[in-house]
Amino acid sequence: MIYQLVQQLVEKTLEAQLIEQEDEVFARNQVLSLLKLADFKETKSGKNLSIPDVLDEIVDYACEHGIIEDLFDEKEIFSSKIMNCFMARPSTVNQLFYEKYQQDPQEATQYFYDLSKNSNYIQMNRIRKNIEYKAETEYGELDITINLSKPEKDPRSIAAERAAVKNEYPKCLLCKENEGYAGRIGHPARSNHRMIRMNLLDENWYLQYSPYVYYNEHCIVLSEKHTDMKISRTTFQRLLSFVEQFPHYFLGSNADIPIVGGSILSHEHYQGGNYEFTMAKAESDWTFKMAGFPKVEGAVVKWPMSVIRLRSEDRAELVEAADHILANWKNYNDEAVRVLAWTGETPHNTITPIARKKGDVFELDLVLRNNRTSEEHPLGIFHPHSDVHHIKKENIGLIEVMGLAVLPARLKDELKEVEKFILGEEAMVADYHLNWAVELRDRYQAVADESNVESLVREEVGKKFLKCLEDAGVFKWNEEGASGFRRFIRTLS
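The sections below set out a description of the structure shown in this document.

What counts as what
- Residues numbered from 1 in each chain as written.
- Predicted model: local features only at pLDDT ≥ 70, side-chain atom pairs only at ≥ 80, totals over all residues.
- Heavy atoms only, no water.
- Salt bridge = Lys/Arg side-chain N within 4 Å of Asp/Glu carboxyl O.
- Helix = DSSP H or I, 4+ residues; strand = E, 2+ residues; numbered from the N terminus.
- Buried < 20%, exposed > 50% of the residue type's maximum accessible area, 1.4 Å probe, protein only.
- Contact = heavy atoms within 4.5 Å.
- Polar contact = N/O pair within 3.5 Å; in protein donor to acceptor, adjacent residues only side chain to side chain.
- Pairing = 2+ DSSP bridges.
- Axes fitted to C-alpha atoms, helices over the stretch in contact; angles between N-to-C directions.

**Examining the pattern of salt bridges**
Throughout the structure, instances matching the rule amount to 35 salt bridges. Note that Glu-268 is salt-bridged to Arg-238, the shortest N-O span being 3.7 Å. One end of the pair, Glu-268, is in the loop between β6 (250–252) and β7 (269–273); the other, Arg-238, is in helix α9 (residues 233–245), with 30 residues separating them in the sequence. In terms of burial, Glu-268 and Arg-238 fall into one category: buried. The salt bridge involving Glu-460 is made with Lys-463; its shortest N-O contact spans 3.2 Å. Taken together, the residues Glu-460 and Lys-463, both in helix α15 (residues 453–472) and three residues apart, mark about one turn of the helix.

The following block contains the structure:
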């Protein structure tokens, strides 16, 4: 059986062009060594399995025969090592990438994306478990994802992680030292991980894909240096440099301060990909010009958050205009809309920027952010408020800003109970959903049935996510907010 699995994995990697025919015996022997097998019996491959499915069966064999412990991290490490037997070295991957880039940047990224999927670095089998749908709103369709792709660790794995010796290599999940790193208890396996070297403003940066992609070709561009996130003029230059090199991708940055920033603030990085979010398609609500930047068009975007869109064919002038807005916003106060730039030495105002290139025109979306807290809103005044925490209480980062909700796995089962409750069936509704569930039952009990209750609840979840975005907007879509936004825009002229 194990020989069949090894042979099938070799054949599948040949099909996926991870290896050439000349590599077959070498790669197979590497796998046999990991399995502590000293021989190989020629056999026909068995049932037609995908690379991830064959890997799972080989890993199960390794657990059953005491080669590895049946622990989540041990299995991940072993699986990654097996796939590394079929992977080219980083220098070869980079050479092939840039050979393809000379023909077409899109061909280069498609090659690298396919490589990252076929090597099981991007774990597509797990990603397919996610619940994904679109929710219609007045701003367009929002993307809703219930994230089921990250497996829950069992108690033994959690205990092993707690007992593990602390290690600071690599310093974080985004450091370049993750490339080829075997992994350990508490740190993901990266033997089969490869990065593309790239130049942004004469600095060394790296391109990789997220192992748990949330949208098509979800990439991460990370600094060679382990330095803190910082939104600055240089940020805008880097983002625009990237989209000039890869015009079929967008690239954006999480904000650089807590509450409104991403989950990793300790390593400078950006996220992008080959996907058009609804925010990118949103229309202008009104336009403006800024003195000193005649080649730049400015607009306030019709979006639940507070977005300024700048467009220009002149990249250098676009950077200067964006930097002018950032400098003004970082020190901007307007107590009428609860915007205060500083508390003592602590800054509150920053920007979430997103860059695109459309034909000859460069585009920068600047999302205005503020991370103040209050007694009423201890997690953030411009953060999802308590009435939506039963759906989402995590930060509104770059991906959410653009219109994609990444919601917790618990909702898969919890929402099914809400559906039962609406239909008048016996249900175990979580306490934090109960008031909402009663509202939905009262609203829909006359029209809900088995055929439509799921879509009704999904629509309501979409409304909750929209409310999250509206909470995070500093200038609300009301008369007071509109006046506040215009007051800020006037400071730019």
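**What to know about the environment of Tyr-133**
Looking at the element boundaries, Tyr-133 is found in strand β1 (residues 131–137). Accessibility expressed as a relative area gives 14% for Tyr-133, which makes it buried. C-alpha of Tyr-133 to C-alpha of Val-307: the two residues are 174 residues apart in sequence and 24 Å apart in space. Ignoring sequence-local partners within four residues, the contact set of Tyr-133 consists of Leu-142, Asp-143, Ile-144, Arg-458, Val-461 and Gly-462. Only 2.9 Å separates the side chain of Tyr-133 from the backbone oxygen of Arg-458, close enough to count as a polar contact.

**So, the sheet that holds strand β4 (residues 203–209)**
Whenever strands of a sheet pair, they do so through backbone hydrogen bonds, lying parallel or antiparallel. With respect to topology, ten strands assemble into an open sheet ordered β3-β4-β5-β7-β6-β13-β14-β10-β9-β8, the strand pairing being antiparallel. Every interior strand has two partners, whereas the edge strands, β3 (196–200) and β8 (284–288), have only one. Between one strand axis and the next, the sheet turns through 25 degrees on average, direction left out of account. Pairing of β6 with β7 involves three bridges; the strand directions are antiparallel. Across the sheet, Leu-251 pairs through a bridge with Gly-272, a residue of β7.

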